[in-house]
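If you want the building blocks of each chain, they are given just below.
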Amino acid sequence: MKRAARLLLIPLLIGCSFGAHGQVQTETDRVCAPCVRAHMEFLASDAMRGRGSATHDELLAATYIASELRAYGIEPAGDSGGYLQRATLVRRKLTGPPQITFKGPNGASVTWNYGKEFLVSHLAQENFSAPLRKVDIDKGEPEAAPGTIVLVVGSDPKKVRSAASALGNAGTAGVIVVRTADPAYFEEAARQLPDLTIHLEGETRSALGVELNLLEVSAEAANILQELAEDTTLHFEAPSTTEESYTWNAIGMLRGSDPALRHSAVLLSAHLDHLGVGKPVNGDDIYNGADDDASGTTAVLELARVLGTGPRPKRTVIFALFGSEEVGGLGSMYFREHPPIPLRDLAADLEFEMIGRPDSAVRPGALWLTGWDRSNLGPALAVHGAKLVGDPHPKENFFERSDNFVLAKQGVVAQTISSYGLHSDYHEPSDDLTHIDFQHMDKAIGSLLGPVRWLVNSRFVPQWKEGRKP
Ligand SMILES: [Zn+2]
């Protein structure tokens, strides 16, 4: 009913006038506030159970998006004539608790048990063995030690953690930190077996996620490691099995009217998944992901509506809503390997992430673009009316934290538009509809309609700046 009523309104709104920069602007170049609200109220509803990556809820979200794209006159560009693209994901799953074994100083074999001497904070492999290294960060910057298992100690636990993840991401087989807690904590935490990272079928790494084996040991266990000779081989082993699941992208295409521009399409993207149902916080276990990223998905749908129901753009426009971003950019990685047009024919990707609330770090109404000074895309959009500025949170490294980076690594000028002001509801059940600023969202999307319409009708091919291509 909702959709039929909306379609009836469209003919009444169509009318033409000449807008800024001499282009024809139609009255459909306006945000449909009820549409924005409708998408958000569906996607971020409790009924969607947080759109967990590679779940049936994610499939429902993708199906809703596909149905909206159909209503806007966007052609399907997914698998076998439909909008959906299905990717197989593989996760190794532990079937029993892991153990660590090594030879003690007297040559006797020692076995440590999960939940007694150690816990697992992050796991990429169910089996790994490597020689021990010890690093005290109070004694200076640790050197990378590829192929070893590094015990990291220091007086500041926060600094120890960040040194550990830096080492873990630099080719180290594993990293161990000390967890000072009583035995009851270890026992309780070990009730759940650790999760292994998830991959696309046929791949061994994810595109965005951390691939790291990070273990926590008790203070007593750490003392034993301190007494071991460096290069003592530690073996981490756990019984495991393989589990398969599917993740879902929704992909649509609007074929460009100008054949001369057929090799420079524009991709508009967001991720449709979030964290699903998880650990309750204040009695709420649904991680709705209203801002992250129902808001970006809604922006892409609104752009699809405006472009699909207005005059046909000169350039081909692809609308892609990716699954499984939250578990390592897996939907976009699959899209990258199975694009509806050759990747080299993609001139630009704009990803939309978390535009549901304003960021007080930028002026009111402004949005920011990750990797602003890496390419000439942001400045060009700004010249054509976008209220777009550079990312005010460079320390967060947002450029590398969304689907855009998956495509940027293959050369596509791919950047993310956002107004995430580092709010504390990020990745919490409270990222829900009650915290969305709909006026901000409507204005944010509205401010992009003109600049995006310019982009999809122009011959402008954005370029990475010298030395700034990822
Ligand atoms: Zn996100």
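It should be noted that the structure appears before, not after, this text.
Side note on the overall build of the protein
In step 1: Looking only at helices and strands, the protein has 11 helices and 22 strands in total.
In step 2: Over its C-alpha trace the protein gives a radius of gyration of 25 Å, about what one expects of a compact globule, namely 23 Å for 470 residues.
In step 3: Across the 470 residues of the protein, 53% fall into the buried class.
In step 4: Long-range contacts, defined here as pairs at least 24 residues apart, represent 79% of the contacts in the protein between residues at least 6 apart.
In step 5: Surface exposure of the protein reaches about 20,500 Å², of which carbon and sulfur atoms provide 51%.
In step 6: Between the centroid of the 45 positive side chains of the protein and the centroid of its 59 negative side chains there is a distance of 6 Å.

Describing the coordination of the zinc ion
In step 1: Protein coordination of the zinc ion is provided by H271 (NE2), D292 (OD), E353 (OE) and E353 (OE), with donor distances spanning 2.0 to 2.7 Å.
In step 2: Because the angles between the 4 donor atoms bound to the zinc ion fall within 53 to 154°, the donor set is best described as irregular.
In step 3: Take D292: its relative accessible area is 2%, and that puts it in the buried class.
In step 4: A relative accessible area of 8% means that E353 is categorised as buried.

Structural notes on the pairing of strand β18 (residues 317-322)
In step 1: With 6 of 6 residues buried, β18 is to be regarded as a mostly interior element.
In step 2: Burial along β18 is two-sided: the residues V317, F319 and L321 and I318, A320 and F322 are all buried.
In step 3: Judged from the 5 bridges that link them, strand β14 (residues 240-254) and β18 form a sheet pairing that is antiparallel. By the bridge assignment, L254 is partnered in β18 with V317.
In step 4: Pairing analysis gives 6 bridges linking strand β15 (residues 265-271) to β18, with the strands arranged parallel. By the bridge assignment for β18, A270 is matched with L321.

A closer look at the pattern of salt bridges
Any two side chains of opposite charge can pair, on the condition that their charged atoms come close.
In step 1: Counted under the stated rule, the structure contains 16 salt bridges.
In step 2: D231 is the partner of R133 in a salt bridge, and the nearest nitrogen-oxygen pair spans 3.2 Å. In this pair, R133 is assigned in strand β8 (residues 127-136) and D231 in the loop between α6 (219-227) and β13 (233-237), connecting sequence segments 98 residues apart.
In step 3: Using a relative accessible area of 45% as the deciding quantity, one classes D231 as partly exposed.
In step 4: Where R336 meets E337, a salt bridge forms, and the shortest distance between an N and an O atom there is 3.1 Å.
In step 5: Taking relative accessible area as the criterion, E337 reaches 40% and is therefore assigned partly exposed.
In step 6: Each of R133, E230 and D231 takes part in salt bridges that share partners, so that together they form one network.

Considering the nonpolar core
In step 1: In this structure, L268, F319, F335, L346, L350 and F352 are the most contacted members of the largest nonpolar core, which totals 78 residues.
In step 2: Broken down by element, this core gets its largest block of residues, 10 residues, from helix α11 (residues 438-457).
In step 3: Contacts of F319, omitting those with residues within four sequence positions, involve L69, I74, A250, I251, G252, L254, L268, V300, L303, A304 and L307.
In step 4: L151, A173, A221 and A238 belong to the second-largest nonpolar core, a separate cluster that totals 29 residues.

What to know about the environment of L449
In step 1: Looking at the secondary structure, you find L449 in helix α11.
In step 2: Here the alpha-carbon distance between L449 and Y185, two residues 264 residues apart in the chain, equals 53 Å.

Section: the packing of aromatic side chains
In step 1: For the coordinates displayed, the defined rule picks out 14 aromatic pairs.
In step 2: Note on F398 and Y420: the rings are 5.7 Å apart at their centroids and 65° apart in plane angle, and the pair reads as edge-to-face. Highlighted residues: F398 in the loop between β21 (388-390) and α10 (403-408) and Y420 in the loop between β22 (414-418) and α11, separated in sequence by 22 residues. You'll find F398 and Y420 in the same group, each marked buried.

Brief notes about the sheet that holds strand β7 (residues 118-122)
In step 1: Taken in spatial order, the 8 strands line up as β6-β5-β13-β8-β9-β10-β12-β7 in an open sheet, and their pairing is mixed. Each end of this open sheet is capped by a strand with a single partner; those strands are β6 (109-113) and β7. Each adjacent strand pair in this sheet contributes to an overall mean axis angle of 30°, direction not counted.
In step 2: As defined by bridge partners, β7 adjoins strand β12 (residues 214-217) across 4 bridges and the pair is classed as antiparallel. Directly across from F118, in β12, lies its bridge partner V217.

Topic: unusual backbone geometry
In step 1: Residue D292 is joined to D293 through a cis peptide bond whose omega torsion reads -5°.
In step 2: Here D293 shows up in helix α7 (residues 290-309).
In step 3: With a phi angle near 45°, R51 is a residue other than glycine that sits in the positive phi range.
In step 4: Take R51: its relative accessible area is 1%, and that puts it in the buried class.
In step 5: If you check the backbone angles, L422 has positive phi at about 60° while not being a glycine.
In step 6: For L422, the position within the fold is in the loop between β22 and α11.
In step 7: When its relative accessible area of 35% is taken as the criterion, L422 is described as partly exposed.

Some points on the packing of helix α2 (residues 33-43) against α7
Pairs of packed helices are described in terms of their axes, by the angle between the two and the distance that separates them.
In step 1: Two elements in contact, α2 and α7, have axes separated by 9 Å at closest approach and are oriented at 140°. Of the possible angle classes, the one that applies to α2 and α7 is oblique. As for the relative orientation of α2 and α7, their crossing is right-handed in sense. From α2, C35, V36, H39, M40 and L43 reach across to α7, where they touch A290, A294, S295, T297, T298, L301, E302 and R305.

Quick notes on the side chain of R374
In step 1: Here R374 lies in the loop between β20 (367-369) and α9 (377-383).
In step 2: Within the buried core, R374 has no salt-bridge partner, and the shortest N-O distance to an opposite charge, that of E400, equals 4.5 Å.
In step 3: At 2.8 Å, the side chain of R374 and the backbone oxygen of R468 are in polar contact.

Rules of the game
Residues numbered from 1 in each chain as written. Predicted model: local features only at pLDDT ≥ 70, side-chain atom pairs only at ≥ 80, totals over all residues. Heavy atoms only, no water. Helix = DSSP H or I, 4+ residues; strand = E, 2+ residues; numbered from the N terminus. Rg over C-alpha atoms; globule rule 2.2 N^0.38 Å. Buried < 20%, exposed > 50% of the residue type's maximum accessible area, 1.4 Å probe, protein only. Contact = heavy atoms within 4.5 Å. Areas by Shrake-Rupley, 256 points an atom, 1.4 Å probe, with all protein chains shown as cover. Lys, Arg positive; Asp, Glu negative; His and termini not counted. Charge placed at Lys NZ, Arg CZ, Asp CG, Glu CD. Donors = N, O, S within 2.8 Å, 3.2 Å for Na, K, Ca; no water. Tetrahedral: all angles 85-135°; square planar, octahedral: opposite > 155°, others 65-115°. Pairing = 2+ DSSP bridges. Salt bridge = Lys/Arg side-chain N within 4 Å of Asp/Glu carboxyl O. Core = buried A, V, L, I, M, F, W, Y, C linked by side-chain atoms within 4.5 Å. Phe/Tyr/Trp six-rings, centres within 6.5 Å; stacked < 30°, edge-to-face > 60°. Axes fitted to C-alpha atoms, helices over the stretch in contact; angles between N-to-C directions. Parallel < 35°, antiparallel > 145°, perpendicular 65-115°, else oblique. Left-handed = near helix turned anticlockwise from the far one by under 90°. Polar contact = N/O pair within 3.5 Å; in protein donor to acceptor, adjacent residues only side chain to side chain.

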